[in-house]
Amino acid sequence: MNLIQKLQQTGDFLSLTRANEWSLPQAPFSFNVTHQATNTQSLVSVLDTGVIVFEPVDRKTSKDIILSNAVHGNETAPIEICADIVSQLIKGELYLAERVLFLFGNPAAMNIGERFVEENLNRLFSGAHSEGGVHNKERTRAKALEDAVANFFEQGGTAQERERFHYDLHTAIRGAKYDKFAVYPFRHGKPWKKSQLAFLKACDVNTILLSHSPTTTFSYYSSNNFGADAFTVELGKVMPFGENDMTKFIKVRQTLINFVSGQALDITAYQEEDFNIFEIDQTINKHTENFTLNFADDVENFTDYPIGYVLATDGDIEHKVRTQGEAIIFPNANVALGQRALLTVKPTSIE
Ligand SMILES: O=C(O)CCC(=O)N[C@@H](CCC(=O)O)C(=O)O
Ligand SMILES: [Zn+2]
């Protein structure tokens, strides 16, 4: 049985991806799948390691959906959710209603159970992979993932003709006061979409961080370059493979399944009181090796501190709370120099 036949039989794209960390052992390939219950056809295209596209055959579509996971290799719950949906699609067990690209970002980091191998993949998008004269496999991978996104959206049609979505699924290093939350990439003045917040609520995500500046993250790349409704979605806490409590992901898994298969979504109209809306206040980067956080490792995301509290010190710089209700997000003193070591957020609303 060859690689293609094995994939068709098992649906196990995750194992194929993990067995080929940086590239496939053969050229890209495609095959047709028949959805048993409706006798409808879909084309499955494996374009690279961790890059698989599903396209309905002989059926009109309107949406181009990207579901990415493992941009950080140790964030396993989103990997397991996507691997399951991919398996159902390959085996013809799930109807496909729209064009869907699944991206398993960093297989090599998955295999060592780490966030990344050499460099944080989620700081290398929007061309950052080609800056500074640095070359490594994650930078090559970031460019390949950018190209996969670009080709997928462009082959679907123009931004005016299509509805474009990219949900970059993560989990967080620490626990959080709000277990699930999403980062809304900077919109350059375009309005925040309440319909997208309603979709995220159907995914059990009702805490939203509004960004006010460009970043080099994957979700910002798709939002800014292709006008996609794109988010970094934090689904819970980092756990090793097989140790996720999958009961915590029932809603998001079912919503994503319904989304790709055209089934009804549990959407209720946006109500401000249903959400915790924050805006990113301070972006604190690490500039010296003396960077220290002034709170314990187990302090949860969204913990707030009083005005004047010293959140972190970096050499002779003190980073203090400036705003009432200002809270911490993504604290990580172990980042590389120049990278983000802490975000703070403050409560806000969207009109
Ligand atoms: O828990 C943490 O410290 C980081 C979790 C994580 O990977 N978050 C993303 C957020 C990306 C964004 O700001 O859109 C990241 O840090 O890459
Ligand atoms: Zn992550």
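Just so it is clear, the model here is predicted, and its values are computed rather than measured. Residue positions are given per chain, counted from 1 along the sequence in the order it is written. Chains and ligands are labelled by the order in which they are written, letters from A for the one and numbers from 1 for the other. Reporting in this predicted model follows two pLDDT cut-offs: at least 70 for local features of residues, and 80 or more for side-chain atom pairs to be given and counted; totals over whole chains, interfaces and linings ignore these cut-offs and use all residues. Side-chain measures were taken over the full set of non-hydrogen atoms in the model, leaving aside hydrogen atoms and water.

What follows is about the site of ligand 1. Around ligand 1, the structure places 15 residues, and the nearest of them are Asn-122, Arg-123, Ile-173, Thr-232 and Glu-234. Any pair of nitrogen or oxygen atoms within 3.5 Å is treated as a polar contact; in protein, a donor-acceptor pairing is required on top of that, and neighbouring residues in sequence qualify only through side-chain atoms on both sides. Within the contact set of ligand 1, an oxygen atom lies 2.8 Å away from a side-chain nitrogen or oxygen of Asn-122. In this structure, a nitrogen atom belonging to ligand 1 sits 2.7 Å away from a side-chain N or O atom of Glu-234. Every accessible area reported is derived by Shrake-Rupley at a probe size of 1.4 Å, with residue values counting cover from the shown protein chains alone. Protein chains bury 97% of the 430 Å² of accessible surface belonging to ligand 1 in isolation. Counting only elements with at least two residues in the shell around ligand 1, the list comes to strand S6 (163-172) and strand S9 (229-237). Numbered from the N terminus, helices here are DSSP runs of H or I no shorter than four residues, and strands are runs of E no shorter than two. Among the elements that make up the shell around ligand 1, the one with the highest residue count is S6 (three residues). Each residue receives one of three labels: charged for Asp, Glu, Lys and Arg, nonpolar for Ala, Val, Leu, Ile, Met, Phe, Trp, Tyr, Cys and Pro, and polar for the others, Gly being one of them. Across the shell around ligand 1, the residue classes tally to four nonpolar, six polar and five charged. We call a residue near a molecule or strand as soon as one heavy atom of that residue lies within 4 Å of the molecule or strand.

The next point concerns the confidence of the model for the protein. For every residue, the predictor states its confidence as a pLDDT score lying anywhere from 0 to 100. Averaged over the protein, the pLDDT score is 98; the fraction of residues at 70 or greater is 100%. Note on the complex model: pTM 0.98, ipTM 0.97.

Across residues other than glycine, the phi torsion is negative in most instances, and most of the peptide bonds are trans. Positive phi is not limited to glycine here, since Asn-39 has a value of about 55 degrees. Within the secondary structure, Asn-39 sits in the loop between strand S1 (29-35) and strand S2 (40-48). Positive phi, normally seen in glycine, also occurs at Ala-70, with a value near 60 degrees. Within the secondary structure layout, Ala-70 lies in the loop between strand S4 (63-69) and helix H3 (76-90). Ala-70 gets classed as buried once you look at its relative accessible area, which sits at 1%. Burial status follows relative accessibility: with a 1.4 Å probe on protein chains alone, a residue under 20% of its type maximum counts as buried, one over 50% as exposed, and anything between as partly exposed.

Mapped onto the elements, His-72 comes out in the loop between S4 and H3. By relative accessible area, His-72 is classed as buried at 2%. Sequence separation between His-72 and Ala-108 is 36 residues; the distance between their C-alpha atoms is 10.0 Å.

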